[in-house]
Amino acid sequence: MQVHYNLEGLPRFRNAVVTIGTFDGVHTGHQQILAALRQEAASTGGETVVITFDPHPRTIVQTDASLELLTTLPEKAGLLEAHGIDHLVVVPFTPDFAAQDAEQYISDFLVRRFQPHTLIIGYDHRFGKGRAGGYELLEQLQHQYGYRLIEIPRQVLHSIAISSTKIRTALKQSDVATANELLGYPFFFEGLVIPGDKLGRTIGYPTANLQYTSSDKIRLGEGVFAARAIHEGRTLGGMLSIGKRPTLNDVVERVEINLFDFQEEIYDQVIRVEVLSYLRGQEKYSSLDALKEQLHRDKEDSLRILSSWKEHKMGV
Ligand SMILES: Nc1ncnc2c1ncn2[C@@H]1O[C@H](COP(=O)(O)OP(=O)(O)OP(=O)(O)O)[C@@H](O)[C@H]1O
Ligand SMILES: Cc1cc2nc3c(=O)[nH]c(=O)nc-3n(C[C@H](O)[C@H](O)[C@H](O)CO)c2cc1C
């Protein structure tokens, strides 16, 4: 897949089959649209093109709220590539871009830049100054500009919006099963390995303490989870803990992962964590020994879950 950040440098697409959207999470609902895109492109010998906006239009509209994105831009690009998309075009959603009038958006942006063979567009797609343009205008001008228009039905868009909301709610409630089902791959995030207080190794369970690398990305709720970590191309099994370490009467939330069959120093490195399954909540144990016994059981549970996921190579 090619990723284009500059509208001036776009190649001449061959029979471009184009869709436009934020595709946050690239979840099962979005995947239906991507499948339609691939199918149309296959039948016309064309290339699939996804147009997305960055920063997210929501940052322009509502400045205060945290974004809680399901995917950062690079993560989204990785997923789109895994779904067989040929080109991702990232359009800076600037005030200037938002201010062009609707007919200009069609003629100068869509037609001139992409020469689309087919446009797959939501019935509610709005564009141009004051969001004056919509599906009807694209329909009126389709013969003049020679593109074919395919409408994404209302129910499909509705179910995508419902899924996005459900995934966000589930993740914040640590309900990984619901989130992963709707995502169609295990939820993942990236973390920088930072120093902790060197306690983990004293109980036989060293943990890489993680600092989130993205401030815009949604945070998973507290709990203990079976997980995988991707480190320098290797996938390692592990168990993830998100919580305030009640046993130690700590107050700040820690994100830490114990990796199985692993003994390397990885401070200052970034790892990707795929969260497979929720195991339990954070508990206060009467001693570090009692915690250690629980970690032993968590490891057994995690190993069982990991082996059932072995054949499952979802995500990227
Ligand atoms: N199996 C493993 N799982 C996780 N990290 C490991 C593992 N083996 C070695 N390490 C390394 O050891 C570090 C963790 O060691 P340890 O838990 O003792 O100290 P720490 O970083 O101070 O964390 P903590 O706050 O958990 O005590 C990790 O950051 C990593 O670099
Ligand atoms: C899989 C896993 C589960 C954990 N569960 C708990 C817990 O239930 N309560 C707690 O106080 N700390 C928990 N911790 C954090 C633990 O206190 C910490 O890793 C060590 O004290 C070292 O800092 C957990 C850590 C891991 C890796």
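Residues numbered from 1 in each chain as written. Chains lettered and ligands numbered in written order. Predicted model: local features only at pLDDT ≥ 70, side-chain atom pairs only at ≥ 80, totals over all residues. Heavy atoms only, no water.

**Comments concerning the overall build of the chain**
Our working definition: In this text, helices come from DSSP runs of H or I with a minimum length of four residues, and strands from runs of E with a minimum of two, each type numbered from the N-terminal end. Partly exposed describes any residue whose relative accessible area lies between the buried limit of under 20% and the exposed limit of over 50%, with all areas from a 1.4 Å probe on protein chains only and scaled to the type maximum. Contact between two residues is taken to exist if any of their heavy atoms lie within 4.5 Å; hydrogens are not considered. With residues, only the protein chains shown are counted as cover, and all accessible areas are computed by Shrake-Rupley using a 1.4 Å probe. His is not counted, nor are the chain ends; Lys and Arg add positive charge and Asp and Glu add negative charge. Working definition for charges: the position is that of NZ of Lys, CZ of Arg, CG of Asp or CD of Glu.
Regarding its fold elements, the chain presents 10 helices and 12 strands. Dimensions of the chain, computed from C-alpha atoms along their principal axes, come out at roughly 75 × 40 × 35 Å. Here the chain holds 316 residues, and the buried ones make up 50% of them. Looking at the chain alone, contacts between residues at least 24 apart form 73% of all its contacts between residues at least 6 apart. Looking at the chain as shown, the accessible area adds up to about 15,500 Å², and 49% of this sits on carbon and sulfur atoms. Positive and negative charge centroids in the chain, built from 33 and 40 side chains respectively, lie 1 Å apart.

**Observations regarding helix H9 (residues 176-183)**
Each turn of an α-helix holds 3.6 residues, which means side chains three or four residues apart point in the same direction. This is how the line gets drawn: Note that the arc is computed from the directions linking the helix axis to the C-beta atoms.
All of the buried residues along H9 are Val176, Ala179, Asn180, Leu182 and Leu183. Across the axial projection of H9, the buried residues extend over an arc of 165°, all falling on one side. Residues of H9 that are exposed and angled more than 90 degrees away from the buried face: Ala177 and Glu181. The elements touched by buried residues of H9 are helix H1 (28-44), helix H8 (154-172), strand S9 (223-231), strand S12 (270-280) and helix H10 (288-309). At the C-terminal side of H9, Gly184 shows a positive phi close to 85°.

**Re the UniProt feature "domain: Riboflavin kinase" (unreviewed entry) in the chain**
Which entries qualify depends on this criterion: UniProt positions are given in the numbering used here, feature names are shortened, and annotations may be inferred rather than shown by experiment.
With numbering matched to this structure, UniProt assigns "domain: Riboflavin kinase" (unreviewed entry) to residues 182-307. Helix and strand shares over residues 182-307 are 17% and 38% respectively, and the end C-alpha atoms of the span are 22 Å apart.

**A look at the sheet that holds S12**
Whenever strands of a sheet pair, they do so through backbone hydrogen bonds, lying parallel or antiparallel. Quick reminder of the rule: We treat two strands as partners when DSSP finds at least two bridges between them. Whenever a helix is involved, its axis is fitted only over the stretch in contact; in every case the axis is a line through C-alpha atoms, and angles between N-to-C directions fall within 0 to 180 degrees.
Strand order in the closed barrel formed by 6 strands is S7-S8-S11-S10-S9-S12, and the pairing between neighbours is antiparallel. Between one strand axis and the next, the sheet turns by 45° as a mean value, whatever way the strands run. Two strands pair when backbone bridges link them, and strand S8 (residues 208-212) and strand S11 (residues 254-259) are joined in this way by 2 bridges, in the antiparallel orientation. The residue bridging Ala208 from the neighbouring strand is Ile257, located in S11. Contacting S9 and S12, H9 crosses the sheet at an angle of about 120° to S12. Strands in contact with H10 are S9, strand S10 (234-243) and S12; relative to S12, the strand with the most contacts, it is inclined by about 105°.

**Points about the pairing of S10**
Of all 10 residues in S10, 8 are buried; the element is thus mostly enclosed. The sheet contact formed by S9 and S10 spans 9 bridges and is antiparallel. Within S10, the position partnered with Phe225 by the bridge is Leu240. Taking the residues that link successive antiparallel strands as the turn, the S9-S10 hairpin has 2 residues, and the phi of Glu232 there is positive, at about 45°.

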